[in-house]
Amino acid sequence: MNYDIPFPFLGRGRAAVVTPAAPPSLSALKRPVARTILTYGGFDGFHTGHGDWLRQLSRLGSDLVVGCHSDAFCTRLGQPAHTGFVARRAVLERCRFVSRVISLETWDQTRSDIVNYNVSVLALPEHIRLPMSGLDEIVQVLRLPVRRRQTASRFSA
């Protein structure tokens, strides 16, 4: 098919519409599904285990929203944070797998976070138990095992 398309820098010309002869590449087919994943955590002393967790979750969808526990919330949980919220948030915002970081002040805000950020999947480590019921009616709740990274000694025989 030929179309007359005006080119301001060339005058009038003719352009041909070309259909691709080859199917799309495999890299184009492996794009993540367009859905938002939400997870929560303290992320105090960010380490490779946290990075592995976030990478695993980012593969489940297109956007990863991380709810970082506020300092007051960590204290209420009985696990005061050694690093302040601002520093923990800054580390998470610089992580390439994370799309957005939000503050978690109380478990009661979980339902509003799901609705406000259009979350499809709520992914939590299996050891965290939310005190709210009925979330599985509005979102898919995944309980995933946390892999503990074991390091071997370089000098072992």
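See the structure shown above.
Scoring rules and cut-offs
- Residues numbered from 1 in each chain as written.
- Predicted model: local features only at pLDDT ≥ 70, side-chain atom pairs only at ≥ 80, totals over all residues.
- Heavy atoms only, no water.
- Pairing = 2+ DSSP bridges.
- Helix = DSSP H or I, 4+ residues; strand = E, 2+ residues; numbered from the N terminus.
- Axes fitted to C-alpha atoms, helices over the stretch in contact; angles between N-to-C directions.
- Buried < 20%, exposed > 50% of the residue type's maximum accessible area, 1.4 Å probe, protein only.
- Polar contact = N/O pair within 3.5 Å; in protein donor to acceptor, adjacent residues only side chain to side chain.
- Contact = heavy atoms within 4.5 Å.
- Core = buried A, V, L, I, M, F, W, Y, C linked by side-chain atoms within 4.5 Å.
- Arc of directions from axis to C-beta.

## Concerning the sheet that holds strand β6 (residues 121–125)
- Spatially, the five strands line up as an open sheet ordered β5-β4-β3-β6-β7, and their pairing is parallel. Only two strands of the sheet have a single partner each, and these edge strands are β5 (100–104) and β7 (140–144). The sheet shows a mean angle of 25° between the axes of neighbouring strands, direction not considered.
- Relative to β5, strand β4 (residues 63–69) runs parallel, the two being bridged by five bridges. Bridge pairing in β5 places Cys-68 opposite Ser-103.

## Overview of the side chain of Ser-70
- Topologically, Ser-70 is positioned in the loop between β4 and α3 (71–76).
- Residue Ser-70 is classed as buried on the basis of its relative accessible area of 5%.
- Within polar-contact distance, the side chain of Ser-70 engages the side chain of Glu-105 at 3.1 Å.
- Sequence-distant contacts of Ser-70, that is, excluding residues within four places in its chain, are made with Phe-85, Arg-88, Ser-103, Leu-104 and Glu-105.

## Things to note about the nonpolar core
- With 17 residues, the main nonpolar core has Ile-37, Leu-54, Leu-57, Leu-64, Val-66, Leu-92 and Val-98 as its most contacted residues.
- Broken down by secondary-structure element, the contributors of at least two residues to this core are α2 (48–58), β4, α4 (85–94) and β6.
- Ignoring any residue separated from it by four or fewer positions in sequence, one finds Leu-54 in contact with Thr-39, Phe-43, Phe-46, Leu-64, Val-66, Leu-92, Cys-95, Phe-97 and Val-98.
- Counting residues in hydrophobic clusters, the runner-up holds 15 residues, among them Trp-107, Val-119, Ile-128 and Val-139.

## Details of α4
- Taken together, the buried positions of α4 are Phe-85, Arg-88 and Leu-92. Summarising the axial view, the buried residues of α4 lie within an arc of 70°, below the 170-degree limit, and thus occupy one face. Exposed residues lying more than 90 degrees from the buried face of α4 are Val-86 and Arg-94.
- Where α4 is buried, its residues contact α2, β4, α3 and β5.

By themselves these figures say nothing about function.
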